[in-house]
Each structure stands twice: as structure tokens, then as C-alpha cells.
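Remarks on the overall topology
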Amino acid sequence: MTPLADMSLLSSFLLIFVSAAFTDNILLARFLGMCSCLGVSKKVDTSIGLGTAVIFVTACTAALNYLVYRYLLVPLGLDYLRLITFIVVIAAFTQFVEMVIERVSEKLYNALGIFLPLITVNCAILGISLFMLNKPYSFLQAFSFGLGGGFGWFLAITLIGAIRERINEATLPRGLEGPGITLIIIGIMALGFIGFSGMIKI
Amino acid sequence: MLLSVLISVGFLLGCGLFLAALLLLAEKKILNYGICRIQINAGRKELEVAGGSSLLTSLAEHNVFIPSACGGRGTCGYCKVTVHEGGGAIHPVEEPYLTPEEIAANVRLACQVKVRRDLDIAIPEELFSVSRYRARVEHKRPLTHDIVELRLKLLDPPALTFEAGQYVQLESAEYKGRESVMRGYSISSLPTETSHIELIIRLVPDGICSTWVFHHLKNHQEVNFSGPYGFFHLADTDAPIICIAGGSGMAPIWSIIRDMQARGITHRPTTYFFGALTQRDLFFLDEFKQIEKDAPWFKFVPALSQEPADSDWTGERGLITDVVNRHFPDASQHEAYLCGSPGMIDAAIAVLQNNGMPEHHIFYDKF
Ligand SMILES: Cc1cc2nc3c(=O)[nH]c(=O)nc-3n(C[C@H](O)[C@H](O)[C@H](O)COP(=O)(O)OP(=O)(O)OC[C@H]3O[C@@H](n4cnc5c(N)ncnc54)[C@H](O)[C@@H]3O)c2cc1C
Ligand code: FES
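Counting restarts for each chain, with residues numbered from 1 along the sequence as it is written. Starting at A for chains and at 1 for ligands, labels are handed out in the order in which the entities are written. In view of the model being predicted, local features appear only for residues whose pLDDT reaches at least 70, and side-chain atom pairs are presented and counted only at 80 or more, with totals across whole chains, interfaces and linings using the full set of residues. Computation of side-chain values: all heavy atoms of the structure, hydrogens and water removed.

**A few points about the overall build of chain A**
Counting from the N terminus, the helices are DSSP H or I runs at least four residues long and the strands are E runs at least two residues long. Scanning chain A from N- to C-terminus turns up nine helices and zero strands. For chain A, the sequential pattern of α-helices and β-strands runs α-α-α-α-α-α-α-α-α. Relative accessibility decides the category of a residue: with a 1.4 Å probe and only protein chains considered, values under 20% of the type maximum give buried, values over 50% give exposed, and everything between is partly exposed. For chain A, with 202 residues in total, the buried portion stands at 46%. Whether two residues touch is decided by their heavy atoms; if any such pair falls within 4.5 Å, the residues are in contact. A separation threshold of at least 6 residues defines the contact pool for chain A, and within that pool the share at least 24 residues apart is 78%.

**Overview of the interface of chain B and chain A**
Listed by partner, the interface residues are 21 residues for chain B and 21 residues for chain A. Take the accessible area each of two parts loses on contact, using a 1.4 Å probe, and add the two losses: that sum is the buried area. When chain B packs against chain A, the two sides together hide about 1,800 Å² of surface, and 72% of this comes from carbon and sulfur. It is B:F11, B:L23 and B:I30 in chain B that bury the most area against chain A; as a group they hold 31% of the surface buried on that side. Counted as salt bridges are all cases of a side-chain nitrogen of Lys or Arg within 4 Å of a carboxyl oxygen of Asp or Glu. One can count zero salt bridges joining chain B with chain A. Classes in brief: Ala, Val, Leu, Ile, Met, Phe, Trp, Tyr, Cys and Pro nonpolar; Asp, Glu, Lys and Arg charged; the others, Gly included, polar. Within the side of chain B that touches chain A, the residues separate by chemical class into 12 nonpolar, five polar and four charged.

**Looking at the pairing of strand β6 (residues 131-144) of chain B**
Residue and element names in this part refer to chain B. A pair of strands is treated as paired once DSSP finds two or more bridges between them. Across six bridges, the pairing between β6 and strand β11 (residues 222-229) is antiparallel. Bridge pairing in β11 links Y133 to F225. As paired strands, β6 and strand β7 (residues 147-156) are joined by nine bridges and run antiparallel to one another. In the strand pairing of β7, V137 is matched with L152. Once β6 ends, the chain turns through two residues before running back antiparallel as β7.

**A few points about the pattern of salt bridges**
Residues and elements named next belong to chain B. Per the stated rule, a full pass over the model turns up 21 salt bridges over all chains. Between R134 and E222 there is a salt bridge; the shortest N-O distance is 3.0 Å. Here R134 is found in strand β6, whereas its partner E222 is found in strand β11, with 88 residues between them in sequence. Residue class for E222 comes out partly exposed when judged on its relative accessible area of 39%.

**As for the confidence of the model for chain B**
Summarising the model, chain B shows a mean pLDDT of 92, and 100% of its residues fall at 70 or more. We note a pTM of 0.69 for the whole complex and an ipTM of 0.74 for its interfaces. One confidence number per residue, pLDDT, is output by the predictor and ranges from 0 to 100.

**With respect to the site of ligand 1**
Residues and elements named next belong to chain B. Looking at ligand 1, there are 21 residues lining it, with G184, Y185, I200, C209 and S210 nearest. Here a polar contact is recorded for every N or O atom pair within 3.5 Å, except that within protein the pair must consist of a potential hydrogen donor and a potential acceptor, and residues adjacent in sequence are included only if both atoms are side-chain atoms. Here a nitrogen atom of ligand 1 sits 2.7 Å away from a polar atom, N or O, in the main chain of I200. The backbone of R202 places a nitrogen or oxygen atom 2.9 Å from an oxygen atom of ligand 1. Of all the secondary structure elements, the ones that give two or more residues to the shell around ligand 1 are β9 (182-186), β10 (196-202), α4 (208-215) and β17 (362-366). When we say a residue is near a molecule or strand, we mean one of its heavy atoms is within 4 Å of it.

**Quick notes on empty space enclosed by the protein**
Residues and elements named next belong to chain A. Cavities and pockets are found on a 1 Å grid laid over the protein atoms alone: a cavity is a set of points where a 1.4 Å probe fits but cannot escape, a pocket is an open set with protein on both sides within 12 Å along at least five of seven lines, and a lining residue has an atom within 4 Å of such a point. Grid points are joined across faces, edges and corners, and a volume is the space filled by probe spheres set on the points. This structure, assessed with the given rule, holds one cavity of 30 Å³ or more. For the largest cavity, the calculated volume is near 50 Å³. Taken together, A20, D24, I26, R30, I128, F131, F145 and G149 form the lining of the largest cavity. Residues that form the lining of the largest cavity fall into these classes: five nonpolar, one polar and two charged.

**Observations concerning the nonpolar core**
Ranked by size, the top nonpolar core spans 59 residues in total, and within it A:L50, A:L73, A:I119 and A:W153 carry the most contacts. Of all the elements, helix α3 (residues 44-76) of chain A adds the most residues to this core, at nine residues. For A:L50, the residues in contact, after removing those within four places along its chain, are A:S36, A:V40, A:F115, A:I119, A:W153 and A:I157. To form a nonpolar core, buried Ala, Val, Leu, Ile, Met, Phe, Trp, Tyr and Cys residues must be joined to one another through side-chain atoms within 4.5 Å. Of all hydrophobic cores here, the second largest spans 34 residues; its members include B:F283, B:I291, B:A295 and B:F300.

**Quick notes on unusual backbone geometry**
Excluding glycine, most residues fall at negative phi; most peptide bonds, likewise, are trans. Residues and elements named next belong to chain B. With an omega of -10 degrees, the peptide bond between D156 and P157 qualifies as cis. Relative to the helices and strands, P157 is located in the loop between β7 and β8 (167-171). For the bond from G227 to P228, the omega torsion is -5 degrees, close enough to zero to count as cis. A positive phi angle, near 70 degrees, is found at H220, a position not held by glycine. Residue placement: H220 occurs in the loop between α4 and β11.

Dropping the structure here:
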């Protein structure tokens with residue numbers, strides 16, 4: 001494994017971001033966060049809305065969960081409780097963010113607010129928090145892993161949304177409408193993203 | 001071993017409690033909107049409420065009851081009010097229930113509007129007379145295999161004033177993991193009896209409220225409902241009348257016809273078409289025979305659509321709409337009162353309009 005500590009801070013930061021976003025794309029390589037993706041990717045603007053919210057939440061929860069794991073779970077020897085703890089932390093965090101957004105900007109709340117409850121149960125977020133433990137990351141590296149993972153999801157759902165918007169103008173065979181064609185699109189895009197894998201290994 | 005179990009349980013508990021406390025605190029601090037004023041119908045009423053809840057619940061807390069069938073989850077579209085000021089942007093949940101004209105006129109779903117600042121709203125004047133009632137089940141008797149009659153004695157407040165044809169919203173209790181809901185049921189008793197109401201309720205397979213009434217509600221049990229709601233009532237004209245109902249759609253018509261009798265309205269010839277599947281779905285036959293005897297202006301026409309051809313049934317057969325069509329090829333002078341499933345009502349409206357009835361002479365409640 002590449003000794004991460006050897007790299008300069010910035011390049012490790014960037015590398016982790018890029019690998020999380022492209023080579024290890026959470027939606028297209030790991031197939032996580034599929035249900036909200038299928039539900040929301042009908043249009044580009046809602047895709048962008050949900051994607052943005054996911055970037056924000058993954059980055060913050062990755063950082064939060066890193067701290068919880070490193071300074072609570074490991075010292076207490078409760079490593080095996082990480083799954084359930086992360087779920088609780090993510091749920092509480094999204095609730096909290098929802099409240100803050102509601103208070104600070106009603107406009108943003110109307111745009112993002114409906115997506116936050118969806119995010120609470122989005123497995124991509126939990127996935128990123130769990131995968132980050134597989135590597136010996138520092139706090140900042142974990143944060144950039146979360147940021148990159150969220151960005152990867154954002155990118156994927158936005159692209160899917162754009163393709164679906166075009167496809168919806170055409171008449172499809174009955175059986176392919178909706179989730180059917182969407183899964184095929186996602187499959188083809190996933191093949192494309194395989195091209196990235198092997199470029200960076202982190 | 002025991003220690004590690006204790007530590008993990010303690011940790012999870014502590015973690016959960018800590019986060020819950022944090023969220024509660026945040027909610028108190030962050031989502032505190034203070035006191036908001038709600039002005040209703042240009043000063044007809046003014047309320048001061050603690051901001052933060054939905055408009056629907058804030059109003060109900062101050063005894064202004066907006067109709068609602070889903071308990072505020074934004075799935076029934078009943079709770080429409082006009083919000084002139086302070087409602088904020090329209091919520092995506094509301095859009096499917098509002099027509100473009102309604103959106104332009106600032107109509108909103110009260111359950112989706114959060115009270116964040118002073119509001120200026122308008123509601124139908126009638127809603128001011130709506131209250132919430134506590135009542136006791138006096139009897140529950142089967143009318144057919146899937147329809148029961150419920151007789152409720154009002155406890156608090158002790159009397160209800162309504163017009164024949166209006167409905168109340170019954171609140172079901174929680175049972176077997178199904179949530180408490182509110183559903184509209186037309187009052188089938190007479191307005192002259194203010195101390196009791198009667199409802200006619202059909203069992204909807206797997207329906208939350210009707211299953212509760214059928215299988216869980218006991219005699220002498222206390223229930224809550226709000227009302228009266230609705231604009232379905234006899235219009236004050238002299239036109240002859242056609243009533244069409246199916247199944248539990250009987251309820252308001254049963255009340256309206258006996259109310260006409262009680263009020264001595266005898267100059268409006270009335271024909272009541274009641275649609276059912278087979279003979280076992282019919283009820284009140286004797287009662288209607290008696291009314292026909294006492295009131296020469298009234299005619300009852302039950303029609304069966306799935307009665308076996310070789311049975312002893314001598315009355316009308318076929319779809320209720322076809323039967324109406326046969327009896328009234330010219331309906332241009334009549335007024336019609338329809339009650340039942342949306343499908344039946346749409347079909348009946350089509351037949352009546354086809355036979356010359358003007359749209360504004362057709363009144364209906366879709367169940
Ligand atoms: C103005 C008015 C007056 C009315 N008057 C009467 C009356 O006098 N008598 C009368 O009997 N009724 C009347 N109704 C109809 C009544 O209000 C109810 O709609 C009816 O009783 C069914 O309610 P429910 O809670 O039993 O069924 P619901 O729980 O609302 O279910 C309705 C249907 O949806 C299905 N369903 C339920 N939950 C789900 C789910 N989670 N997913 C998918 N499907 C689901 C059920 O299987 C059922 O077929 C009236 C309605 C209106 C609007
Ligand atoms: S109460 Fe049902 S939509 Fe508002």
C-alpha cells in the first residue's frame with residue numbers, strides 16, 4: 001500500500017478526493033444509494049438538489065464519524081458497534097441540519113429540505129463512513145474521502161438525471177419505463193466508470 | 001463478558017440519549033418562532049399561537065377545525081385554506097392537490113403550511129361552527145354483510161346542529177400497529193335530533209377506519225369526531241328531484257328524504273335510485289316502502305347489477321346508470337343528488353348531462 005504519510009498534504013488530499021469520486025464511485029462502482037437515486041433522478045434540477053445535500057452530509061458525517069470512531073469507539077473497545085453508532089450519528093446530524101437550514105433560509109429549505117429525510121436513510125452515506133475505516137486515514141484525509149465520495153454520488157445522479165430527462169422525451173417500450181431503463185442506464189455508466197479503476201489505488 | 005455487554009449497552013444508550021437531548025435542545029433554541037398572530041377572514045377572528053407547528057394543528061388547538069382525512073400528512077388534499085400573507089413558498093407535497101387556478105389564488109394545504117410569522121388567511125365561514133365532539137356508541141347494528149349503522153350519543157358538547165346531507169369526521173383509535181386516522185362519514189339521522197347522530201359505514205377491505213369500526217369498536221365505547229362539514233344539502237328550489245346512491249352512499253340521502261318528509265316538503269316529486277350488487281346488499285327496504293305509502297311524492301327504485309338471472313328478484317336489474325337512463329330520458333327540469341364511489345358518480349353525471357340536466361343542478365359527495 002502506498003505510504004500515505006509520504007505524500008505532501010495537498011496531493012494526498014487531492015488523490016483521495018479523486019479516487020473516491022471516480023475510481024471508487026459510490027453509486028456506480030459500489031451500487032450504494034440506489035433507492036433515492038432511482039426515485040429522484042427524473043430531472044436534473046432535483047438531482048442536483050439531492051446531490052448537493054449528499055455532498056454536504058457525507059463530508060460532515062465522515063468527519064464526525066471519524067472522530068467518534070477514533071476517540072470513542074476504539075478507546076472503549078467498542079469497534080464492533082460502529083455500524084449502529086454511525087447510523088445514529090448520521091440521523092441526528094441530518095435532523096440538526098434540517099433545523100438549521102429551515103431557520104436560516106427558507107429558500108434553501110424548500111429546495112433541500114425535502115431531501116434531507118431521504119438522506120437519513122441513504123446507504124451511500126453510511127457506506128462512505130464505513131469504507132473510510134478500511135484505510136489508515138488521518139482526520140483531514142477522512143474528510144476529503146467523504147467529500148470525494150459525496151461528489152462522486154452527486155456527479156453520478158446528475159448525469160443519470162440528464163440522461164433520463166432526454167430519454168423521457170422518447171417513447172419507450174412499456175416494460176422499460178421508469179426504473180427499468182434507469183437501471184440499464186446506470187449499468188452502462190458503471191461500465192464507463194470501470195475505465196477509471198486501476199488509475200489510482202489509494 | 002458481562003462487563004463488555006454492559007459497556008456496549010451503556011454506550012448505545014448514552015449515545016442515543018445524548019443525541020436526542022441535543023436535538024431537543026436545538027429544536028427549542030433554533031426553531032423558536034415566538035408568538036404569531038393568525039388573522040382569519042379579514043379580522044373575523046384573530047388567534048395568537050406559538051409558532052412552529054403546522055397551520056392545521058395551530059388552528060385546531062384554537063377550536064378552528066379544517067377538514068382533514070389524513071391527519072396532516074399531506075395525502076388527502078382536504079385541508080385547503082387561502083393564505084393571503086405569510087405562507088411562504090408552496091411545498092412540493094402540496095402541488096399535486098392544487099389546480100393552477102388555486103395556486104394563483106394562494107390556496108394552500110393547511111397541514112403543510114408552517115406557522116413561522118404572522119399569517120393572514122381565509123376559510124369558509126361555515127367552518128367556524130365546526131367543533132370537536134366526544135360521544136358514546138349507543139349501538140352498532142349490521143344492515144348488510146358489510147354495512148353497519150352506528151348510533152352515537154353526544155357527550156361533550158351535548159348537541160350538534162347540522163343540515164341533512166352534511167358529514168362528520170370520525171377519529172379512529174390505534175389498533176394492531178395501524179395509526180389513528182380521521183375519515184368523513186355522512187350523518188344519516190335527522191337534524192331535529194340534536195343529541196344523537198347516526199352513521200352508515202361500509203367495510204372497506206383493509207381500510208384503516210372502517211376496519212376499526214367493524215372489528216374493534218365496541219358498544220358503549222367513547223369516540224371523538226368533528227363536524228359538521230360539507231355543502232351537500234337540499235337546494236332551496238322547487239325542481240323535482242332525482243337521488244342516486246350506492247352502498248353506504250345511502251347515508252345522506254336517507255337523512256335528506258326523511259328531512260323533507262319532516263319539514264312537509266311535498267311539492268317536489270322525488271325518485272331515489274339505489275344501486276347494489278345482489279339482494280343481500282340491500283337494506284331499509286321496509287322503511288322505504290313505508291315512506292312511499294305515507295308520501296305520494298316519493299318513489300324508491302332499488303336496482304341490482306349482479307343478481308343471478310333466475311332469482312326471485314322482480315325489481316330493476318342492471319347498472320344504476322342504465323336504470324336512471326331508462327327512467328329519465330329527459331332530465332332537463334330535475335335536480336340531482338348523488339352519493340357514492342367516484343366511479344359511480346362520474347358515470348351518473350355523464351348520463352344526467354347527456355339527458356339534458358344542467359351542470360349546476362347536480363350535487364354530489366364523492367366517497
Ligand atoms: C364527504 C364524504 C362522506 C363520506 N361518507 C361516508 C359514509 O357515510 N359511509 C361510508 O362508509 N363511507 C363514507 N365515506 C368514505 C370514508 O370517508 C372512507 O373513505 C372509507 O370508510 C374508507 O376509509 P378507511 O380508513 O376504512 O380506508 P383507508 O385506510 O382510507 O383505505 C382506503 C383504501 O385504500 C387501501 N389502503 C389503505 N392503506 C393503504 C396503504 N398504505 N397502501 C395502499 N393502499 C392502502 C385500502 O385497502 C382501501 O382499499 C365518505 C367520504 C367522504 C369524502
Ligand atoms: S390534512 Fe390531508 S392533506 Fe392536509
